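Observations on chain architecture
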Amino acid sequence: MRSLGEFIFKGIETRKAGEFLNNKGETVKYPEAFILKVDEVVDGSINERKLRVDINNTMLISRLKKINPYDKFQLECDVVLYQNGAKVVPIAVVDSKQ
């Protein structure tokens, strides 16, 4: 399912690959990725969001790096529903000042 949202850009940073132990004592590895930090305004309330951006999505990363802090922009995301939750995956910047 696709969704479009309006956000306020706060920044983008690199998260290095790593691993951790889950509650079962198993090692869980995660890949390198970019973390997109944005503010989302919903019903007059500001919520900070951190969205994982695939390191291979170079077009999106390039476009995000051109946005100035605190600029408003629209982001298209793919929403993946699971039995106990949902995952929001950024796909493209639809509208920004850049």
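Above this text is the structure in question.
Here goes a summary of the coordinates provided. (Residues numbered from 1 in each chain as written. Predicted model: local features only at pLDDT ≥ 70, side-chain atom pairs only at ≥ 80, totals over all residues. Heavy atoms only, no water.)

**Things to note about helix 1 (residues 58-65)**
- Considered for burial, the residues of helix 1 that qualify are L60, I61 and L64. Mapping the buried residues of helix 1 onto a view down its axis gives an arc of 100 degrees, with all of them on the same face. Of the exposed residues in helix 1, those oriented more than 90 degrees away from the buried face are T58 and M59. (Buried < 20%, exposed > 50% of the residue type's maximum accessible area, 1.4 Å probe, protein only. Helix = DSSP H or I, 4+ residues; strand = E, 2+ residues; numbered from the N terminus. Arc of directions from axis to C-beta.)

**Looking at the nonpolar core**
- Membership of the largest hydrophobic core comes to 15 residues, with the highest contact counts inside it found for L36, V53, L64, F73, L75 and V93.
- Elements with a minimum of two residues in this core: strand 1 (2-15), strand 4 (33-42), strand 5 (45-54), helix 1 and strand 6 (72-82).
- Every residue in contact with V93, bar those within four places of it in the chain, is listed here: L60, R63, L64, I67, F73, Q74 and L75. (Core = buried A, V, L, I, M, F, W, Y, C linked by side-chain atoms within 4.5 Å. Contact = heavy atoms within 4.5 Å.)

**Observations regarding the pairing of strand 4**
- As judged from the eight bridges shared by strand 1 and strand 4, these two strands associate in the antiparallel manner. Across the sheet, residue R15 finds its bridge partner in strand 4, namely A33.
- Looking at chain direction, strand 4 and strand 5 are connected through ten bridges and run antiparallel. Bridge pairing links V41 to I46 in strand 5.
- A loop of two residues connects strand 4 with strand 5, the two strands running antiparallel in sequence, and D43 in this loop sits at a positive phi of about 50 degrees. (Pairing = 2+ DSSP bridges.)

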